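Structure at a glance
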Amino acid sequence: FAALHTDALADVAHGATIAPSGALYQVRLDTYTVKARRIADPSVAADWTSSTWVTIATSGLPTPGVAIASDPTLGTDSVYVFWVDVADGRTIRASVSTDGVTWTNEVVIVENAAYQVRHVAGVLVDGEIHCVYILDQQSGAPDEFLVSVERVAAVWGSRTLQAVSRYNSNGLGLARITGDAN
């Protein structure tokens, strides 16, 4: 391994994905500000210094973190960023970009007022985006559930809750596995 770039950024909730073009997209949640940047060619040191962080939103809740996903099968740099709104801790929002500069924002789901979203992750599979998160029903452990919401034909569907409760989670990650996983 060789270091291509070092910086003095604070260690905060963050994520990265490689888009179909080979560009590296990064996202970070700095205090309440969700920021992203696109590094056109991560193997070129100059691309790191010439890229700039773009503010996507100023309402991110730091505790659940932030997630980023792309799908290499789409052929375009469609990148999704997920975060939880600081206003209530139960609204999951998504931002979408194809260039790392312009982002559109949308609501994925709003959970029951008594619940809180603890962690969020996302994955794109064959053009369909999935937002997966940990839902805390705040009734005493074990009271956390794994939940999934799928976006098909530009519409976020209803959520699917895994019926098994679990104890407190410390994080959540998703990966796309190609081919036969059996």
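Calculation criteria
- Residues numbered from 1 in each chain as written.
- Predicted model: local features only at pLDDT ≥ 70, side-chain atom pairs only at ≥ 80, totals over all residues.
- Heavy atoms only, no water.
- Helix = DSSP H or I, 4+ residues; strand = E, 2+ residues; numbered from the N terminus.
- Rg over C-alpha atoms; globule rule 2.2 N^0.38 Å.
- Buried < 20%, exposed > 50% of the residue type's maximum accessible area, 1.4 Å probe, protein only.
- Contact = heavy atoms within 4.5 Å.
- Salt bridge = Lys/Arg side-chain N within 4 Å of Asp/Glu carboxyl O.
- Pairing = 2+ DSSP bridges.
- Axes fitted to C-alpha atoms, helices over the stretch in contact; angles between N-to-C directions.
- Phe/Tyr/Trp six-rings, centres within 6.5 Å; stacked < 30°, edge-to-face > 60°.
- Lys NZ or Arg CZ within 6 Å of the ring centre and 35° of its normal.

Moving on, we come to the overall build of the protein chain. Of the regular secondary structure elements, the protein chain holds one helix and 13 strands. Shown N-terminal to C-terminal, the secondary structure of the protein chain runs as helices and strands in the order β-β-β-α-β-β-β-β-β-β-β-β-β-β. Relative to the 2.2 N^0.38 estimate, which gives 16 Å for 182 residues, the radius of gyration of the protein chain is 17 Å and therefore close to what a compact globule would have. For the protein chain, the spread of C-alpha atoms along the three principal axes comes to 50 × 40 × 30 Å. Burial statistics for the protein chain: of 182 residues in total, 43% are counted as buried. Contacts in the protein chain between residues far apart in sequence, at least 24 positions, make up 45% of those at least 6 positions apart.

This next bit is on unusual backbone geometry. Apart from glycine, the bulk of residues carry a negative phi angle, and the bulk of peptide bonds sit in the trans form. Residue Thr31 is not a glycine yet carries a positive backbone phi of 60°. Positionally, Thr31 belongs in the loop between strand 2 (24-30) and strand 3 (33-39). Judged by its relative accessible area of 53%, Thr31 is exposed. Even without glycine at this site, Gln138 takes up a positive phi of about 50°. Tracing the backbone through its elements, the reader meets Gln138 in the loop between strand 10 (128-136) and strand 11 (144-152). Given a relative accessible area of 44%, Gln138 falls into the partly exposed group.

Further remarks concern the pattern of salt bridges. For the structure on display, the rule yields seven salt bridges. Of the charged contacts, one joins Arg38 and Asp77 as a salt bridge, the two residues approaching to 3.5 Å between their closest N and O atoms. Of this pair, Arg38 sits in strand 3 while Asp77 sits in the loop between strand 5 (66-70) and strand 6 (79-84); the two residues are 39 residues apart in sequence, bridging distant segments of the chain. Where Arg90 meets Asp88, a salt bridge forms, and the shortest distance between an N and an O atom there is 3.9 Å.

Let's shift gears to the sheet that holds strand 6. If you walk across this open sheet you meet the four strands as 5-6-7-8, and the pairing is antiparallel. The open sheet has two edge strands, strand 5 and strand 8 (104-110), and neither has a second partner. Between one strand axis and the next, the sheet turns through 25° on average, direction left out of account. With five bridges connecting them, strand 5 and strand 6 associate as antiparallel partners. Paired with Val66 across the strands is Trp83, a residue of strand 6.

Here we come to the packing of aromatic side chains. This structure, assessed with the given rule, holds two aromatic pairs. Between Tyr80 and Phe82, the aromatic rings sit 6.3 Å apart at their centres with planes inclined by 15°, giving stacked as the arrangement. Centre to centre, the rings of Phe82 and Trp156 are 6.1 Å apart; their planes meet at 75°, and the pair counts as edge-to-face. Of the two residues, Phe82 sits in strand 6 while Trp156 sits in strand 12 (residues 155-156), which places them 74 residues apart along the sequence. Neither Phe82 nor Trp156 differs from the other in exposure class; each is buried. Among the aromatic residues, those joined into a cluster by ring pairs are Tyr80, Phe82 and Trp156. One cation-aromatic arrangement involves Arg28 over Trp53; the distance from NZ or CZ to the ring centre is 5.6 Å.

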